[in-house]
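What follows is the residue order along each chain.
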Amino acid sequence: MSGARESVDVVVVGAGIAGLASARAAVSGGLSVRVLEARERVGGRLLTVDGLDLGATWFWASEPRIQRLIQELALSTHPQHLAGDAMYHAHEGAARIQGNPVDVPAGRFSAGAEALARAVAAQLPEDGIRLACPVAKIRLAGDRIEAHTDAGVFAGEHLVLALPPALAVARITFSPELPKQLAGLAAQTPVWMGNITKVVARYAEPFWRKQGLAGSAISHLGPMREIHDMSGPGGEPAALFGFAAAGPPGPDRITREAMLAQFGMLFGPQAAEPVELHLQDWRDEPFTSPPGVERLAQYELFGHPLYAKPALGGRLHWASTETTVESPGHIEGALAAADRAVRAIL
């Protein structure tokens, strides 16, 4: 590591929406901030490719923080498509269900969820974010807390750790070590989406709507256990997407052929021939998922009270969607965790 050193009020580790929202709130409170992001982009699990969300997709009307942020940033949104019948997939084959009991009213970002992260990042000071800057060590040094990277040491009065806890303890060395109970909790806390493969198929048009289908399906066989319409406003771009849970650790992966066969079986031959097919296996994201993420299944650990207590002398604050009791796993949860962390700092 180089000898370069920067000193600010608050160091934020992670430029997902929780880290970016933490930085935005700290700057609004008059504090200087550096956000350190291992990737070469902001957004974390908000990932949009060609207008299609390969990570987080939805928000809900009952979530006040995301609703307020959308208004403040003047982001374009549209409702999740609900109209039409759903499909059901069991051992007997595919069956059409009258109506759509699969989907619920939800909001979507018209330019993709990553647009939210980019809009928040654009409000930070020009030098506020360092990309391609993974943190290897967090060290308490007197009345400062340091993040050690290959680019140098970033020191602050406080540090916001906006990573999934299991990832943080797997990739970062802490000095002094985290309390044993906290370290054990973090190592066992699941990573939201960490063991999921998200499958997105883009088509020339949303042909299923012409057949009176909603684009939604539930399957007891898989590989995708649920499928939804991911089309943009007015059906453009036209897309279906599904979630496939990872199997046990190992080399076996869900194949493109299996995904296409399931789309075709549920929605007809046209569905088996998309213009484009994305398979986003979040296990392959080293800055989201620690090794063996499939083994982490104790979702009751989300929002554990220990995450609400600053660690390392009160200078390390947890802020990721896994650490809050409010909408854990949602974008709203990430914003709630950011709010909690910055309130403690201010």
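No experiment lies behind these values; they were computed from the predicted model shown.

## Observations concerning the packing of helix α2 (residues 64-73) against helix α8 (residues 331-345)
Move 1: Between α2 and α8, the least distance of the axes is 8 Å, while the angle of their chain directions is 90 degrees. Judged by the angle between their axes, α2 and α8 are roughly perpendicular. Taking contact as the criterion, the partners of P64, R65, I66 and L69 in α2 are, on α8, I331, E332, L335, A336 and D339.
Move 2: The residue inventory of the contact of α2 with α8, partitioned by class, reads six nonpolar, no polar and three charged.

## Some words on the side chain of R340
Move 1: Looking at where R340 falls in the secondary structure, it is placed in helix α8.
Move 2: Sequence-distant contacts of R340, that is, excluding residues within four places in its chain, are made with Y307, A308, W318, A319, T323 and T324.

## Considerations on the pattern of salt bridges
Move 1: All told, the structure shown has 18 salt bridges when counted by the stated rule.
Move 2: E6 is the partner of R130 in a salt bridge, and the nearest nitrogen-oxygen pair spans 2.2 Å. Taken together, the positions of R130 in strand β11 (residues 129-130) and E6 in strand β1 (residues 5-7) put the pair 124 residues apart, joining distant regions of the chain.
Move 3: Notably, a salt bridge pairs E114 with R118, separated by 3.4 Å at the nearest N-O pair. Here R118 and E114 lie together in helix α3 (residues 114-122), a separation of four residues that amounts to about one turn.
Move 4: Among the residues examined, R118 registers a relative accessible area of 41% and is labelled partly exposed.

## A closer look at the packing of aromatic side chains
Move 1: A full pass over the atoms with the stated rule returns 12 aromatic pairs.
Move 2: A ring pair is formed by Y203 and F207, whose centres lie 5.2 Å apart and whose planes are at 85 degrees; its orientation type is edge-to-face. Across the pair, exposure class does not vary: Y203 and F207 are buried alike.
Move 3: On the numbers, 5.7 Å between centres and 70 degrees between planes, the contact of Y203 with W208 is edge-to-face.
Move 4: A relative accessible area of 0% means that W208 is categorised as buried.
Move 5: Taken together, W58, W60, F241 and F243 form an aromatic cluster joined through their ring pairs.
Move 6: Just above the ring of F241 sits the side chain of K198; from NZ or CZ to the centre is 4.6 Å.

## Section: the sheet that holds strand β3 (residues 33-36)
Move 1: Taken in spatial order, the five strands line up as β11-β3-β2-β15-β22 in an open sheet, and their pairing is parallel. In the strand order of this sheet, the two ends are held by β11 and β22 (316-318), each with one partner.
Move 2: Bridge count for strand β15 (residues 158-161) against β22 is three bridges, and the pairing is parallel. Directly across from L161, in β22, lies its bridge partner W318.

What counts and what doesn't
- Residues numbered from 1 in each chain as written.
- Predicted model: local features only at pLDDT ≥ 70, side-chain atom pairs only at ≥ 80, totals over all residues.
- Heavy atoms only, no water.
- Axes fitted to C-alpha atoms, helices over the stretch in contact; angles between N-to-C directions.
- Helix = DSSP H or I, 4+ residues; strand = E, 2+ residues; numbered from the N terminus.
- Parallel < 35°, antiparallel > 145°, perpendicular 65-115°, else oblique.
- Contact = heavy atoms within 4.5 Å.
- Nonpolar A, V, L, I, M, F, W, Y, C, P; charged D, E, K, R; others polar.
- Salt bridge = Lys/Arg side-chain N within 4 Å of Asp/Glu carboxyl O.
- Buried < 20%, exposed > 50% of the residue type's maximum accessible area, 1.4 Å probe, protein only.
- Phe/Tyr/Trp six-rings, centres within 6.5 Å; stacked < 30°, edge-to-face > 60°.
- Lys NZ or Arg CZ within 6 Å of the ring centre and 35° of its normal.
- Pairing = 2+ DSSP bridges.

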